[in-house]
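An overview of the molecular structure
Given next are the chains, with one letter for each unit.
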Amino acid sequence: MVISLNRVRNATMFVPTNDAIKKYRKEHEHGPVATADNVYGGVTDRQAWYHLIADGIIDRQTLAARTMLWESYSHPVENRLASGADGPSHGIMLKTKVDSNTTQLAVNGVPVLEKTFSCEAGSAFLIDGVLEIPPTILDILHEMTPSQAHGQRRQIVSGGDVDASSPGEYSFVEKLLSAAGWHAVLDTSQGATNESAAMHTLWAFDNRAFSTGFNFAERAYLLHGPTFAAYDQDLLDKSIKDTQAVAARYLSTGPISVARLGEGEHEVSGFNSHTSLALVVEKPPGDDGDLSSTLDGQRIGNADVVAGN
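Quick caveat: nothing in here was measured; it's all calculated off a predicted structure. (Residues numbered from 1 in each chain as written. Predicted model: local features only at pLDDT ≥ 70, side-chain atom pairs only at ≥ 80, totals over all residues. Heavy atoms only, no water.)

Successive side chains on a regular strand alternate, one facing one side of the sheet and the next facing the other. Residues Leu277, Leu279 and Val281 of strand E14 (residues 276-282) are buried on one face, while the alternating residues Ser276, Ala278, Val280 and Glu282, pointing to the opposite face, are not. Bridge analysis of strand E13 (residues 264-269) against E14 gives 6 bridges, and the strand direction is antiparallel. Residue pairing across strands places Val268 opposite Leu277, the latter belonging to E14. Where E13 folds back on E14, the antiparallel hairpin that results is connected by 6 residues. In terms of strand pairing, E14 meets strand E15 (residues 292-295) through 4 bridges, oriented antiparallel. Bridging across to E15, Glu282 finds its partner in Ser292. (Buried < 20%, exposed > 50% of the residue type's maximum accessible area, 1.4 Å probe, protein only. Helix = DSSP H or I, 4+ residues; strand = E, 2+ residues; numbered from the N terminus. Pairing = 2+ DSSP bridges.)

Structural data, given as structure tokens:
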């Protein structure tokens with residue numbers, strides 16, 4: 001990794017302190033990652049690259065200005081450097097945020113220390129911990145609590161803090177994507193490749209919102225139509241096409257961030273070339289906090305939840 005880092009320019013890196021690395025190694029010395037290939041001290045190569053921001057040289061004032069997502073060098077590093085390309089290739093996002101109570105700047109919840117370094121490749125910030133690859137979209141769906149977004153969409157981008165949960169509250173969005181044949185994009189933990197290995201954004205609705213938006217017959221057709229039509233190829237093709245037309249409005253290719261887009265009206269693509277979504281980002285009057293947003297007129301209850309895929 002040192003050789004590859006020597007080829008990086010105009011970047012920002014979060015550097016764990018020696019104590020943080022020692023603590024991480026001790027906690028993970030007997031874990032699964034300890035026996036994986038290409039690791040140092042329990043840290044995988046991909047995880048190490050996750051500490052590197054490819055959005056240019058960023059100073060502390062910019063990091064602390066407001067909650068922001070940054071694109072990392074985590075995916076896929078080798079191909080990009082080998083080709084001489086600059087910048088990220090839809091790497092996993094990092095979230096920087098200042099705690100309103102303590103004024104502590106943190107990246108993915110890990111404190112960013114005051115010490116800052118400048119180097120030929122860019123700038124570096126010491127952090128009091130080792131960053132870990134966030135959970136997959138599927139894992140986050142299973143972990144979210146029912147109280148967080150009733151009747152609202154939750155935007156998960158390809159970590160943020162996720163509360164302990166009641167499994168199944170977002171089961172309909174998972175079943176909808178499964179019926180559409182797109183379940184692989186939710187979970188890349190098994191080494192998915194090609195399209196499913198790319199980064200995605202899920203505009204997640206909870207079960208109550210789905211039940212409100214579609215009647216019983218519509219829900220049954222969307223979630224179970226392909227299964228019931230399996231005996232007839234023509235009916236199966238039509239059922240999958242209909243389900244995909246709906247599911248495409250809740251999934252986008254690439255990591256889309258409300259914070260990165262900023263205030264204004266934006267058009268984002270669904271999961272096929274025929275679907276476009278209207279994303280409106282606003283700053284609440286007199287509010288110095290996070291931006292508010294709607295997608296096709298529906299409020300996003302919790303934007304920019306970072307996932308590993």
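Here the narrative resumes.
On to the sheet that holds strand E4 (residues 52-53), then. In space, the 7 strands of this open sheet follow the order E4-E1-E9-E8-E7-E6-E5, with mixed pairing throughout. With one partner strand each, in any of the chains shown, E4 and strand E5 (68-71) form the two edges of the open sheet. Across 6 bridges, the pairing between strand E1 (residues 11-16) and strand E9 (residues 122-127) is parallel. Looking across to E9, one finds that Pro16 is bridged to Ile127.

With respect to the helices, strands and loops of the structure, Phe210 is situated in helix H8 (residues 207-213). Leaving out residues up to four positions away in the same chain, Phe210 has contacts with Phe172, Phe205, Arg219, Leu222 and Leu223. (Contact = heavy atoms within 4.5 Å.)

We now examine the nonpolar core. Across soluble globular proteins, you tend to see nonpolar side chains buried next to one another. Of all hydrophobic cores here, the largest spans 29 residues; its most connected members are Leu141, Leu176, Leu177, Trp182, Leu186 and Leu202. Those elements that place two or more of their residues in this core are helix H6 (137-143), helix H7 (171-179), strand E11 (200-205), helix H9 (216-228) and helix H10 (233-247). One finds Ile58, Leu63, Trp70 and Val110 within the second-largest nonpolar core, a separate group that totals 21 residues. (Core = buried A, V, L, I, M, F, W, Y, C linked by side-chain atoms within 4.5 Å.)

This part covers the packing of aromatic side chains. Across all of its chains, the model carries 7 aromatic pairs by this definition. Pairing Trp182 with Phe271 gives two aromatic rings, centres 4.6 Å apart and planes at 70°, and the pair type is edge-to-face. With a gap of 89 residues between them, Trp182 in the loop between H7 and E11 and Phe271 in the loop between E13 and E14 connect regions that are remote in the sequence. Judged by relative accessible area, which is 11%, Trp182 ranks as buried. What makes Phe271 buried here is its relative accessible area of 12%. Judged by centre distance (5.1 Å) and plane angle (10°), the ring pair of Phe205 and Phe210 falls under stacked. (Phe/Tyr/Trp six-rings, centres within 6.5 Å; stacked < 30°, edge-to-face > 60°.)

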